[in-house]
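Analysis of the macromolecular model
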Amino acid sequence: AVVSTQSTGAKQEKSDVKSFTNILIQFIRRYKWLQKTLGEEIRKIMMVMRVCLNEEERELLGSATAYLLIEGIIPPTLLSALTQDHLVKDDVSASFATSLFRTWLEERDMASLTSTLKKASLDPSLQDIYPAHKRSLDQIESYFKEKGMNELVNHVKAQRANANRKNFISRIKRFTNEDDYNTTEMGEYIRDAISQERVTSPYALQVLFSAIANSGDWASQENISDDFYKELKQYVPLFQTIIDTPKMQLELLNKIQEFCYDNINFLKTFQKIIFLLYNGNIIEEDSIIGWYYTHHSQKGQREFLAQMDKMVHWLENAEEEESDDDDDDEDEDDE
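Residues numbered from 1 in each chain as written. Predicted model: local features only at pLDDT ≥ 70, side-chain atom pairs only at ≥ 80, totals over all residues. Heavy atoms only, no water.

1. Looking at the overall build of the chain
Secondary structure summary: the chain contains 16 helices and zero strands in total. A compact globule built from 335 residues would reach a C-alpha radius of gyration of about 20 Å, whereas the chain, at 30 Å, exceeds it by more than 25%. Expressed as lengths along the three principal axes of its C-alpha atoms, the size of the chain is roughly 100 × 50 × 40 Å. In the chain, which comprises 335 residues, the proportion classed as buried is 44%. If you sum the accessible surface of the chain, you get close to 18500 Å²; carbon and sulfur atoms cover 45% of it. Where the 38 positive side-chain charges of the chain centre and where its 59 negative ones centre are 21 Å apart. (Helix = DSSP H or I, 4+ residues; strand = E, 2+ residues; numbered from the N terminus. Rg over C-alpha atoms; globule rule 2.2 N^0.38 Å. Buried < 20%, exposed > 50% of the residue type's maximum accessible area, 1.4 Å probe, protein only. Areas by Shrake-Rupley, 256 points an atom, 1.4 Å probe, with all protein chains shown as cover. Lys, Arg positive; Asp, Glu negative; His and termini not counted. Charge placed at Lys NZ, Arg CZ, Asp CG, Glu CD.)

2. A short note on helix α5 (residues 92-107)
It helps to recall that an α-helix has 3.6 residues per turn; residues three or four apart then point in one direction. Here α5 spans 23 Å end to end across 16 residues, near enough to the 22 Å set by a 1.5 Å rise per residue. Among the 16 residues of α5, 13 are classified as buried, and the element is accordingly described as predominantly covered. (Expected span 1.5 Å × (residues − 1).)

3. Notes on the pattern of salt bridges
As enumerated under the stated definition, the model contains 13 salt bridges in all. In this structure, the salt-bridge partner of R29 is E71, at a minimum N-O distance of 3.0 Å. Of this pair, R29 sits in helix α1 (residues 14-30) while E71 sits in the loop between α3 (55-70) and α4 (85-88), and the two are 42 residues apart along the sequence. A relative accessible area of 43% means that R29 is categorised as partly exposed. Two residues, R160 and D138, come together in a salt bridge whose shortest N-O distance is 2.8 Å. With R160 in helix α8 (residues 150-177) and D138 in helix α7 (residues 137-146), this residue pair connects regions lying 22 residues apart in the sequence. (Salt bridge = Lys/Arg side-chain N within 4 Å of Asp/Glu carboxyl O.)

4. A closer look at the confidence of the model for the chain
Chain-level statistics for the chain give a pLDDT mean of 89 and a share of 90% at 70 or above. Confidence, expressed as mean pLDDT per element, reaches its minimum in the chain at helix α16 (residues 301-334) with 77 and its maximum at helix α14 (residues 270-279) with 97. Confidence drops under pLDDT 50 across residues 1-12; counting only partners more than four residues distant or on other chains, this segment forms 17 contacts. (pLDDT = per-residue confidence, 0-100. Contact = heavy atoms within 4.5 Å.)

5. Remarks on the nonpolar core
Core analysis: the largest hydrophobic core is formed by 55 residues, its most contacted members being F168, I172 and F228. In contact with I172, other than residues within four places in its own chain, are M186, Y189, I190, V207, L208 and A211. Formed by 45 residues, the second largest nonpolar core is a distinct cluster that contains I28, M49, L117 and V153. (Core = buried A, V, L, I, M, F, W, Y, C linked by side-chain atoms within 4.5 Å.)

6. Some words on the environment of R29
With 44 residues separating them in the primary sequence, R29 and I73 have C-alpha atoms 8.2 Å apart. Among all residues touching R29, those that are not within four sequence positions of it are E71 and I73. In this structure the side chain of R29 is engaged in a polar contact, spanning 3.0 Å, whose partner is the side chain of E71. (Polar contact = N/O pair within 3.5 Å; in protein donor to acceptor, adjacent residues only side chain to side chain.)

7. Quick word on the packing of α8 against helix α9 (residues 183-195)
Each packed pair of helices is defined by two parameters, the angle between the axes and the distance between the axes. One can describe the packing of α8 onto α9 by two numbers: an axis separation of 11 Å at closest approach and a directional angle of 165°. Here α9 runs roughly antiparallel to α8, going by the angle between their axes. Between α8 and α9 lies a crossing whose hand is left-handed. On α9, the residues touching N167, F168, R171, I172, F175 and T176 of α8 are E185, M186, Y189, I190 and A193. (Axes fitted to C-alpha atoms, helices over the stretch in contact; angles between N-to-C directions. Parallel < 35°, antiparallel > 145°, perpendicular 65-115°, else oblique. Left-handed = near helix turned anticlockwise from the far one by under 90°.)

8. A word on the packing of helix α11 (residues 226-234) against α14
Relative to each other, α11 and α14 sit at 30°, their axes nearing to 11 Å. The angle between α11 and α14 falls in the class roughly parallel. In the crossing of α11 with α14, the sense of the turn from one axis to the other is right-handed. Here α11 contributes D226, F228, Y229, L232 and K233 to the contact with α14, which in turn contributes K272, I273 and L276. Broken down by class, the residue content of the contact of α11 with α14 amounts to five nonpolar, no polar and three charged. (Nonpolar A, V, L, I, M, F, W, Y, C, P; charged D, E, K, R; others polar.)

9. Points about a nonpolar patch on the surface
Taken together, the side chains of F27, Y31 and W33 make up a nonpolar region of the molecular surface, amounting to roughly 370 Å² of accessible area. Its location among the elements puts F27 in helix α1. (Patch = residues over 30% accessible without salt bridge, like charges linked within 9 Å, V, L, I, M, F, W, Y side chains within 5 Å.)

If you want it as structure tokens, here you go:
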């Protein structure tokens, strides 16, 4: 089979491209032995499209390729050609891919496109098909925004968020596994990550506590040793620099609750952890009481509320005694 793309084809409407590919699809399904050859010929055209096709023709080829991929006539692996340096240069790959993506999303959804990109071994972030100086996720997002392709804008945002989370986890694990860690540097890094919206504060607290809890031998013990609590206590100054609102205190309470629920060997440690953080002035009594009555997670709530019964009762009585003392002081002043 010989696939040719002439300059006059560049003037066809997209509907004409679809009509042409539909005829081709029917032909290939009748003569299946031509299917492999078609894929090979399209790949050959892609490899030379930088010098043999103008931009409009490349876009038509991208659209036709999308239809053929959707129908399973050609293999997704041929898209790996788009990472070739001579195609990445001068936005040739980007132009072809943009047309392919636009056509695909008119026919199918983003999930199916993502699946096809994975089968082609293309980076989900799409960075491999852009020149080095246009490869940042911010630039790629702006590119698709200018093209009015909102689904791809959201896709790139999701890829950025995923990359940010991976980088954050890696950095926090490295901090907690260092023998001579710097809590000041670590605190600054976490605050910057939150303020720059690379991660959310609940996610940051979740990753930090999880990294600490998994940083020692106790993580594999059936009964958590005192070494864990000693290690956690070392991080009190770090938590103090991060947690500056009652809302974040509740976030931490719930993240610890969910961690203890998901890691069975930590199930019975919840109350002791919270008491340690309370003594370290990380979590205030109002937050603990609010969590107990209203704001706790549903995960294992019966177990964790039972663990906290005595502590909450003690905190409430302490508040009442302080209130009574204040009243007595006012009475003495009145006398």
